[in-house]
Amino acid sequence: MEGKNVISHADPVRKVLEGPRPFEFFKNYFGGREVRTFDFKWLRAVHTEGFTGAHVDNVYMSRGSKELLTMWTPLGDITADMGVLAMCEGSHRLPCFAKFQEKYGNLDVEAVGLKGTGWFTCDPYEVTDKFGGQWKTTNFQAGDVMIFTMRTLHMSTVNLARISCDTRWQPLDDVADPRFIGDFQTPGTKFGLYSTDESKTTSDNTMEHYRIKWGF
Ligand SMILES: O=C(O)CCC(=O)C(=O)O
């Protein structure tokens, strides 16, 4: 169990997160290819007033399959006012997001040792005003999931309290980002958020700095 979270890797939880149904769904989705999920699972118990800012997952996990998908699983019924995920529809493919994807979407926050969370912004409307798209979300019931690409801009609504877990899925025969499979190392290797590489965390190594450099 080294490196494995005692909750997200407990048998009853694994049965929900990576039971036969997601395996079958993703196998069909990938045209019959066998699939795998990362060993690392992002279990979130989010407190009142907590939320996740707008980001694409590619900034955290771009070193493997280009077909990688995220599956967001609420653990129980969670209504939008309790804290759910919201998607910016079209952000992964609309031409109006091309520069956003080329600059922000291609950033590897760990490689540059980004200081901060890797979120592009905390203001959802800043994105739609600047680039386009439309924010969408819904109430979730136990058994629902949300599946989206590495390039889909998403964030959460502000939380009352909720527990969810996000897992990653890809074809088995494709290369997997080595940071999230097998035994896990320190958190510093998983997110720019926890970056400990002092040599890289200079004051201009922030999202604000990159946004000025990119012209947005
Ligand atoms: O649940 C959250 O607050 C964030 C989840 C997320 O960003 C993801 O699943 O990629």
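Further up the page is the structure itself.
This is a predicted model, so every value here is computed, not measured.

Draft legend 1. Seen up close, the overall build of the chain. Across its full length, the chain carries six helices and eight strands. The linear arrangement of helices and strands in the chain, starting from the amino end, is α-α-β-β-β-α-β-α-α-β-β-β-β-α. Within the chain, the proportion of its 216 residues that are buried is 47%. Entry remark: accessible area of the chain is about 10700 Å², with carbon and sulfur atoms responsible for 55%.

Draft legend 2. Expanded view of the site of the ligand. Not every one of the 14 residues close to the ligand is listed here, only the nearest: Thr-52, Asp-57, Trp-72, Arg-162 and Arg-168. Between His-154 and the ligand, the recorded distance is 2.9 Å, taken from a side-chain N or O atom to an oxygen atom. Residue assignment for the shell around the ligand shows that the elements contributing at least two residues are strand E3 (69-74), strand E7 (154-156) and strand E8 (162-171). For the shell around the ligand, the element with the highest residue contribution is E8, accounting for four residues. Within the shell around the ligand, the residues separate by chemical class into three nonpolar, six polar and five charged.

Draft legend 3. Geometry of the pattern of salt bridges. A full pass over the atoms with the stated rule returns 16 salt bridges. The closest approach of N and O atoms between Lys-27 and Glu-34, which form a salt bridge, is 2.9 Å. The partly exposed category is assigned to Glu-34, whose relative accessible area is 45%. Measuring nitrogen to oxygen at the nearest pair gives 3.9 Å for the salt bridge that ties Arg-36 to Asp-39. A network of salt bridges, in which partner residues are shared, links Arg-44, Asp-57, Asp-166 and Arg-168.

Draft legend 4. Structural detail: a nonpolar patch on the surface. On the surface, Phe-25, Tyr-29, Val-145 and Ile-147 cluster together into a nonpolar patch covering about 350 Å² of accessible area. Relative to the elements of secondary structure, Phe-25 occurs in helix H2 (residues 20-29).

Draft legend 5. Seen up close, the packing of aromatic side chains. On inspection of all chains with the given rule, the structure shows 23 aromatic pairs. For the ring pair Tyr-104 and Trp-214, a centre distance of 6.4 Å and an interplane angle of 65° mean the geometry is edge-to-face. Residue Tyr-104 is found in helix H4 (residues 98-105), and its partner Trp-214 is found in helix H6 (residues 207-214); the two are separated by 110 residues along the sequence. Considered together, Tyr-104 and Trp-214 belong to a single accessibility category, that of buried residues. Their ring planes at 85° and their centres at 5.3 Å tell us that Phe-131 and Phe-216 sit as a pair that is edge-to-face. A residue pair is termed long-range when its members are at least 10 positions apart, and Phe-131 in the loop between helix H5 (124-130) and strand E5 (134-136) and Phe-216 in the segment after H6 qualify at 85 residues. Judged on exposure class, the residue Phe-131 and its partner Phe-216 are both buried. The structure contains a cluster of three or more aromatic residues connected by ring pairs, namely Phe-97, Phe-100, Tyr-104, Phe-120, Phe-131, Tyr-210, Trp-214 and Phe-216. The ring of Trp-42 has Arg-168 lying over it, and the distance from NZ or CZ to the ring centre is 4.4 Å. If you follow Arg-211 out to its NZ or CZ, it ends over the ring of Phe-120, 4.1 Å from the centre.

Calculation notes
- Residues numbered from 1 in each chain as written.
- Predicted model: local features only at pLDDT ≥ 70, side-chain atom pairs only at ≥ 80, totals over all residues.
- Heavy atoms only, no water.
- Helix = DSSP H or I, 4+ residues; strand = E, 2+ residues; numbered from the N terminus.
- Buried < 20%, exposed > 50% of the residue type's maximum accessible area, 1.4 Å probe, protein only.
- Areas by Shrake-Rupley, 256 points an atom, 1.4 Å probe, with all protein chains shown as cover.
- Near = heavy atom within 4 Å.
- Polar contact = N/O pair within 3.5 Å; in protein donor to acceptor, adjacent residues only side chain to side chain.
- Nonpolar A, V, L, I, M, F, W, Y, C, P; charged D, E, K, R; others polar.
- Salt bridge = Lys/Arg side-chain N within 4 Å of Asp/Glu carboxyl O.
- Patch = residues over 30% accessible without salt bridge, like charges linked within 9 Å, V, L, I, M, F, W, Y side chains within 5 Å.
- Phe/Tyr/Trp six-rings, centres within 6.5 Å; stacked < 30°, edge-to-face > 60°.
- Lys NZ or Arg CZ within 6 Å of the ring centre and 35° of its normal.

By themselves, these observations are geometric and do not establish any function.
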